[in-house]
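Descriptive structure summary
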Amino acid sequence: GKSAVTHAELEIHSLTAELESLKNPQGLGLSSHLDGLREENAKLKYRLNVLKRSLQEERSQCSKTMMNINQRLQEIFGEAIREACPDLENPPLAVTPNQQAKFGDYQCNSAMAMAQMMKSKGLKVNPRQIAENIQQNIPDNELIEKTEIAGPGFINVHLKRSFVSKLLTNLLLNGVQPPPLESKKKVVVDFSSPNIAKEMHVGHLRSTIIGDSMCRLFEFLGYDVLRLNHVGDWGTQFGMLIAHLQDKFPNYLTVSPPIGDLQAFYKESKKRFDEEEDFKKRAYQCVVKLQSKDPAFIKGWNLICDVSRNEFQKVYNCLDIQIIERGESFYQEKMTAVVKEFEAKGLVEMDEGRKIVFAPGQQIPLTVVKSDGGYTYDTSDLAALRHRLFDEKADIIIYVTDSGQGTHFQVVFAAAQMIGWYDPNVTRVEHAGFGVVLGEDKKKFKTRSGDTVRLMDLLDEGLKRSMDKLKEKDRDKVLSTEDLTKAQRSVAFGCIKYADLSHNRINDYVFSFDKMLDDRGNTAAYLLYAFTRIRSIARLANIDEAALRKAAETTEVLLEHDKEWKLGKCLLRFPEILQKILDDLLLHTLCDYLYELATTFTEFYDSCYCIEKDRQTGEVVKVNMWRMLLCDATAAIMAKGFDILGINPVSRM
């Protein structure tokens, strides 16, 4: 299948080129010769269409992957638009799903924008006329039943039911497979990134959840993903921490110091640093010793980092996060070279003893060396970016931090482009920012006493609240202790993640346990219950995996009822939803889609019986197999959606 497709594509390419050359015969005045050419032309066109048609069939047959219908329609309309208006440079291509079923399934809205373009060139053309012209040039294809022109020039597209049915069968037989990748790109996602010796707070929670979900999306689509934890594990605060360690646990080199509460330890050393002059001096000397890699000081530094690491790991274990630690310390050696490189290219200016770099179009300079000779965040972020581009050979680099750091990254990226490290048209380097977490009072999220909320306390509270919710539903009466605990964790952590991911990350976000655990509306609680219900339909009808598998191979998925049709089309929009998120990195689109899928399923289930039971005995008398398959397909897409969001559904709830 695969090689035949590639072969056919090459042949189409060469035939198209041949046709083009026939369109412009250079100085051939002979009419008989032209007739021959015309005949040749007609034969070639015929052969080309045969090939194109077989290629389309090959595509839909041999593809185990899900087809992105929107993209396929864009290819078809793109071709029609080029034929209809060959003189228009880069004509706009707009295809969207239709909001109202009565107007068909998808809609091409290019005609109006094209009329605007022509108008700006002094050509007055009615958009409806353009739409008709496009409609007449739609190439032979496998998926469009018919098109209609509506209003000022909308082209409404009705899909072939048989085609949609075939795609659903494909989905059932092959599972949810990502669209084919042109090339396997390397992606680096820098997320979570808390600071050693400080509490992880809700800002880190957002970065961790959003970053993990982005990684899961890239991984599902087949990219090679490196998940990096850029922890703050270097800097002057380690001087005071090590000095305090030496005083409090003088034998720390031989006996592992029992630092139970690193927060308290940090506060004690900070207090001494602010109040005791000799301690402050010693702290500075410790920094120098640490930077010169003195073994005793490196050991102390490692001990402190380990205590913090264990704290972070508790959070990562709860939320099921995989991440590789590569902190600021990793880039220490690399910073000197970066400064030299900027100096060698004459891009460094002196400013009151500081070395600064101005990037084009940016008001604020980067400070690469402070007046005391020390490096800054600017230096380490440049070094990290350089390492990711040249050593990791990343094609895509994404930084998931709060929006407050947006300007900083903008300047860093501009400087990296200026020095020629990457070309933004080739390599995608992006800051995916997010808003702050607010309490229910819409003020900054704090404890009653005004402290930062500890993440582990927050996660424990979530577990407690989710158990209350399950008991309220009497789930503790029907589930085994083990199943109840699984459900508790699934709901608690699923709800915390989903509440975050279902909001546009750019906006500030109000953290509310009551809202996230409410099983009405667009919440994980609702979706997890809906999912469990869908999964249980087959179980209650005594239909096992093997029977579903056999049905998928032999039963056509009929889509005659309009609720079946609506559900079938909704399921097949999954690839275009993922494509959109790949473009804008906004994960709430996936949450909105899963919620729409769950409600569309409920409409279908309420109007189309899947199983008929005897009123008296409650025995199953009739099973509608293609509807059982639609249930199965819905569960498969929801499961994959949950997987990308990092939510772990359980079989019994």
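Once a new chain begins, its residue numbering starts again from 1 and follows that chain's sequence as written. Thresholds applied to this predicted model are a pLDDT of at least 70 for local features of residues and 80 or more for the giving and counting of side-chain atom pairs; totals over whole chains, interfaces and linings are not thresholded and use all residues. Side-chain calculation: all heavy atoms of the structure are included, whereas hydrogens and water are not.

Quick look at the packing of aromatic side chains
To keep it simple, the criterion reads: In this scheme Phe, Tyr and Trp rings, the latter by its six-membered ring, pair at centre separations within 6.5 Å, and the angle between planes marks the pair as stacked below 30 degrees, edge-to-face above 60, and tilted otherwise. Numbering of helices and strands runs from the N terminus; a helix is a DSSP stretch of H or I covering at least four residues, while a strand is a stretch of E covering at least two. Using a 1.4 Å probe on the protein chains alone, a residue whose accessible area is under 20% of its type maximum counts as buried, one over 50% counts as exposed, and one in between counts as partly exposed.
In the structure shown here, the tally under the stated rule is 16 aromatic pairs. Considering the side-chain rings of F273 and Y284, the 5.9 Å spacing of their centres and the 70 degrees angle between planes classify their relative orientation as edge-to-face. With F273 in helix 9 (residues 262-275) and Y284 in helix 10 (residues 277-291), the pair connects residues that are 11 residues apart, well separated along the chain. The class for F273 is buried, based on a relative accessible area of 17%. A relative accessible area of 47% places Y284 in the partly exposed class. Taking 4.6 Å as the distance between ring centres and 40 degrees as the angle between the ring planes, the aromatic pair formed by Y399 and F409 counts as tilted. With Y399 in strand 11 (residues 396-399) and F409 in helix 14 (residues 406-418), this residue pair connects regions lying 10 residues apart in the sequence. Judged by its relative accessible area of 1%, Y399 is buried.

Comments concerning the state of the cysteines
Rules: In plain terms, two cysteine sulfur atoms within 2.5 Å form what is called a disulfide here.
A full pass over the atoms with the stated rule returns 0 disulfides. C591 provides the cysteine sulfur closest to C495, a residue in no disulfide bond, and the two sulfurs are 12 Å apart. On the accessibility criterion, C495 (1% relative accessible area) is buried.

Focus: the side chain of S380
Put simply, the rule is: Between N or O atoms, a polar contact is any pair within 3.5 Å; within protein, one atom must be a potential hydrogen donor and the other a potential acceptor, and residues adjacent in sequence are included only when both atoms are from side chains.
With respect to the helices, strands and loops of the structure, S380 is situated in helix 13 (residues 377-390). Separated by 3.2 Å, the side chain of S380 and the backbone oxygen of Y377 make a polar contact.

Some thoughts on the UniProt feature "domain: Arginyl tRNA synthetase N-terminal" (unreviewed entry) in the protein chain
The criterion, for reference: UniProt positions are given in the numbering used here, feature names are shortened, and annotations may be inferred rather than shown by experiment.
Sequence positions flagged by UniProt for "domain: Arginyl tRNA synthetase N-terminal" (unreviewed entry) are, in local numbering, residues 71-159. As a span, residues 71-159 carries 39% helix and 21% strand, and end to end its C-alpha atoms are 14 Å apart.

Quick notes on the sheet that holds strand 4 (residues 154-159)
Threshold: Only when DSSP finds a minimum of two bridges between them are two strands counted as paired. Axis definition: a line fitted to C-alpha atoms, over the contacting stretch in the case of helices. Angles run 0 to 180 degrees between N-to-C directions. Residue contacts follow a heavy-atom distance rule, with two residues in contact if any of their heavy atoms lie within 4.5 Å.
The sheet built from 4 strands is open, its strands ordered 1-2-4-3 with antiparallel pairing. For this open sheet the edge positions go to strand 1 (95-97) and strand 3 (144-150), each flanked by a neighbour on one side alone. The mean angle between the axes of side-by-side strands here comes to 25 degrees, regardless of whether they run parallel or antiparallel. In terms of strand pairing, strand 2 (residues 106-108) meets strand 4 through 3 bridges, oriented antiparallel. Bridged to C108 within strand 4 is I155. Docked against the sheet, helix 5 (residues 127-136) engages strand 3 and strand 4, running at close to 165 degrees with respect to strand 3.

Some points on the sheet that holds strand 12 (residues 428-431)
Sheets are built from strands that pair by backbone hydrogen bonding, the pairs being arranged parallel or antiparallel. Across the sheet, which stays open at both edges, the 5 strands sit in the order 7-6-5-11-12 with parallel pairing between neighbours. At either margin of the open sheet sits one strand with a lone partner, and together these are strand 7 (324-325) and strand 12. Sheet topology note: the strand 5 (residues 186-190)/strand 6 (residues 224-229) ladder contains 5 bridges and is parallel. Paired with V188 across the strands is L226, a residue of strand 6. Each of strand 11 and strand 12 is contacted by helix 14, which is oriented at about 160 degrees to strand 12, the strand it contacts most.

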